[in-house]
Amino acid sequence: DDFGRYAIAMALAVLVNSVLFDWIRLSAARFYSDKSRAERPALRGTLDFLVASMTFATFGILAAAIVIGVDFRMPTQLACAAAIAGICMALFDFGATLTRARFLDRSYSLLVIVKNAAAFALMAGGAWLTDNPAIVLAGSALSSIASLVLARHVLRDPGADLMRPDWSLARSFAQYGLPLMAANMFYQLITFMNRAMIADAYGYAEAGQFALATDMGVRVFATLGSALDIFLFQVAVRADDQHGPDKAAEQLSRNMSMVLALCAPLACGYWLALPMFEALIVPQDYRGPFAAYTTILIPAMTCFALVLYAFNPVFQIQKRTWPVIATALVALGVNYLFARLAAPSLGAHGFAWAQLVGYGAALALIFVASLAMSRVRPSLPDIARILAASAAMTACVWPLRSASPSFLMLTLTVLIGVAIYGVIALALNIAGLRDLATAKLAARRAA
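Below or above, wherever it landed, is the structure these notes cover. (Residues numbered from 1 in each chain as written. Predicted model: local features only at pLDDT ≥ 70, side-chain atom pairs only at ≥ 80, totals over all residues. Heavy atoms only, no water.)

### Describing the packing of helix 3 (residues 41–68) against helix 8 (residues 167–202)
At a minimum axis separation of 9 Å, helix 3 and helix 8 run at an interaxial angle of 65°. The two elements helix 3 and helix 8 cross, and the hand of that crossing is right-handed. Contacts between helix 3 and helix 8 involve Ala42, Leu43, Thr46, Leu47, Phe49 and Leu50 from the first element and Trp167, Leu169, Ala170 and Phe173 from the second. Among the residues forming the contact of helix 3 with helix 8, the class breakdown is 9 nonpolar, 1 polar and no charged. (Axes fitted to C-alpha atoms, helices over the stretch in contact; angles between N-to-C directions. Helix = DSSP H or I, 4+ residues; strand = E, 2+ residues; numbered from the N terminus. Left-handed = near helix turned anticlockwise from the far one by under 90°. Contact = heavy atoms within 4.5 Å. Nonpolar A, V, L, I, M, F, W, Y, C, P; charged D, E, K, R; others polar.)

### Here's the deal with helix 12 (residues 322–341)
Look at helix 12: 28 Å from first C-alpha to last across 20 residues, which is about the 28 Å you get at 1.5 Å a residue. Looking at helix 12, one finds that the buried residues are Pro323, Val324, Thr327, Ala328, Ala331, Leu332, Asn335 and Ala339. Here the buried face of helix 12 lies against helix 8, helix 11 (289–318), helix 13 (343–346) and helix 14 (350–373). (Expected span 1.5 Å × (residues − 1). Buried < 20%, exposed > 50% of the residue type's maximum accessible area, 1.4 Å probe, protein only.)

### Here's the deal with the side chain of Ser140
Considering the arrangement of structural elements, one finds Ser140 in helix 6 (residues 133–150). In this structure, Ser140 is in contact with Met10, Met89 and Met123, ignoring residues within four places of it in sequence.

### Concerning the packing of aromatic side chains
Inspection of the entire model under this criterion finds 11 aromatic pairs. When the centroid spacing of 5.3 Å and the interplanar angle of 80° are considered together, the rings of Phe31 and Tyr176 count as edge-to-face. Placement of Phe31 in helix 1 (residues 2–31) and of Tyr176 in helix 8 is noted, with a sequence separation of 145 residues between them. Under the relative-accessibility criterion, Tyr176 is labelled buried at 4%. Relative to Trp167, the ring of Phe49 has its centre 5.3 Å away and its plane inclined at 85°; by these criteria the two rings are edge-to-face. Taken together, the positions of Phe49 in helix 3 and Trp167 in helix 8 put the pair 118 residues apart, joining distant regions of the chain. Looking at Phe49, the relative accessible area reads 21%, which means it is partly exposed. Here a set of aromatic residues connected by ring pairs shows up, and it is made of Phe31, Phe173 and Tyr176. Above the ring of Tyr108, the side-chain terminus of Arg100 is found at 4.4 Å from the ring centroid. Sitting over the face of the ring of Phe92, Lys115 holds its NZ or CZ atom 5.5 Å from the ring centroid. (Phe/Tyr/Trp six-rings, centres within 6.5 Å; stacked < 30°, edge-to-face > 60°. Lys NZ or Arg CZ within 6 Å of the ring centre and 35° of its normal.)

### Comments concerning the nonpolar core
Grouped together as the largest cluster of nonpolar side chains are 106 residues, with contacts concentrated most on Leu137, Tyr187, Phe290, Tyr421 and Ile430. Excluding residues within four positions of it along the chain, Ile430 makes contact with Ala261, Asp382, Arg385, Ile386, Ala389, Tyr421 and Ala425. Counting 29 residues, the second largest nonpolar core, distinct from the first, contains Tyr32, Ala90, Tyr108 and Ala174. (Core = buried A, V, L, I, M, F, W, Y, C linked by side-chain atoms within 4.5 Å.)

### A closer look at unusual backbone geometry
Of note in the backbone geometry, Asp131 takes a positive phi value of approximately 55° without being a glycine. With respect to the helices, strands and loops of the structure, Asp131 is situated in the loop between helix 5 (105–130) and helix 6. With a relative accessible area of 54%, Asp131 lands in the exposed category.

### Let's talk about the environment of Phe290
Mapping Phe290 onto the fold places it in helix 11. When the C-alpha positions of Phe290 and Phe304 are compared, they lie 20 Å apart, and in sequence the two are 14 residues distant. Setting aside anything within four residues of it in sequence, one finds Phe290 in contact with Leu212, Ala213, Met216, Tyr270, Leu274, Phe277, Glu278 and Val282.

### Topic: the pattern of salt bridges
Following the criterion strictly, the structure yields 6 salt bridges and no others. Between Asp48 and Arg44 there is a salt bridge, with its nearest N and O atoms 2.9 Å apart. Taken together, the positions of Asp48 and Arg44, both in helix 3 and 4 residues apart, correspond to about one turn of that helix. Residues Asp157 and Arg44 are paired through a salt bridge, measuring 3.2 Å at the closest nitrogen-oxygen approach. A residue pair is termed long-range when its members are at least 10 positions apart, and Asp157 in the loop between helix 7 (152–155) and helix 8 and Arg44 in helix 3 qualify at 113 residues. Of the two residues, Asp157 and Arg44, neither departs from the other in class, the shared state being buried. One salt-bridge network, in which partners are shared between bridges, spans Arg37, Arg44, Asp48 and Asp157. (Salt bridge = Lys/Arg side-chain N within 4 Å of Asp/Glu carboxyl O.)

### So, the state of the cysteines
For the structure shown, the criterion picks out 0 disulfides. Of all cysteine sulfurs in the structure, the one in Cys88 sits closest to Cys80, which takes part in no disulfide; the separation is 14 Å. Residue class for Cys80 comes out partly exposed when judged on its relative accessible area of 25%. (Disulfide = S-S within 2.5 Å.)

Taken by themselves, the reported measurements are silent on function.
Here it is in structure tokens:
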């Protein structure tokens, strides 16, 4: 029950992050760079002003909601903790985006490593010691702040003054980022809505079972996918700025192959390791439902990752954001209709199927839109090679799926899968990875 309450509160925190802050982070990813930092310090000052404004707005909205008696589906104290966690998550995402926009790989790695290590220690420790969802959310907030404090010198920009924003820049950021924020809001509403409907129909305990499987899947795909996407998107932005839309389209096509080259083996590997992962890491009370939900959610998360990291950037580069909104709205609508009409006959697992159907519809729509509205084309040979390499890896690792669970065997399964896929990917030169590796080796030797 407590984990179910935490899961709904965390969904609210992510919703706060997505609705109020994410448009600023997306604007920073598109417009902030070393060049703008040197030539237009007002750009960073304006971004900082918007972040500060949204922080105060969050507290204002929360206070108003408490006064008028909004039903948060959780205690008011937990709702407050969720709002604070959402703000701190947003600050971390903003700081990480600034470092990636300047290609500061070491600073970015420091941010991510410190944040995740601190989050694991504080959130898991808080849960273990107190069984209090609000304390766990506080651990999430503190981990974000700790990483930003360590990277404060890198994040400081000379000449940037948040008290003197450039209102024309603020309008440009809003025109670019708010539509993308609306799309993210629709996606986050899917998570919040499904958990709330499961809690209503089956109780908080079942919502917790569903949430653990969902959160694990999101962490697996989003942690790797977002790190890759931030870098690839900046490369595409640089190609667009320096060489024009044709080069940007070529880079976006390569980016699609690279995202699929990560997502396909990741999905196969997660499924292959699922029995051992569940037996070794998932708490006893969650075993069984975790595997059942995750088996449905793995393809759902794969579709979602491809939408976010492979196809949405096509329209972000073009600054044509309405297809992104339409795709998210379709996902929300399809998920809701399936959850209402079909899920009751399928039991609690019907909500996982609703999420899969919603994300699948989003992927189909954004794929068709990208073909119709852009010059970016997925590489069919790359797709074939990626699927073949993933199938070969799955066939080779399959016998280990039934092995007796142990941390050694889980580690071996992961390493063997990575090695097999890596060798095949390099041999087939998937997404030009062999060429990139050869170029980097040559550069190192020359240095």
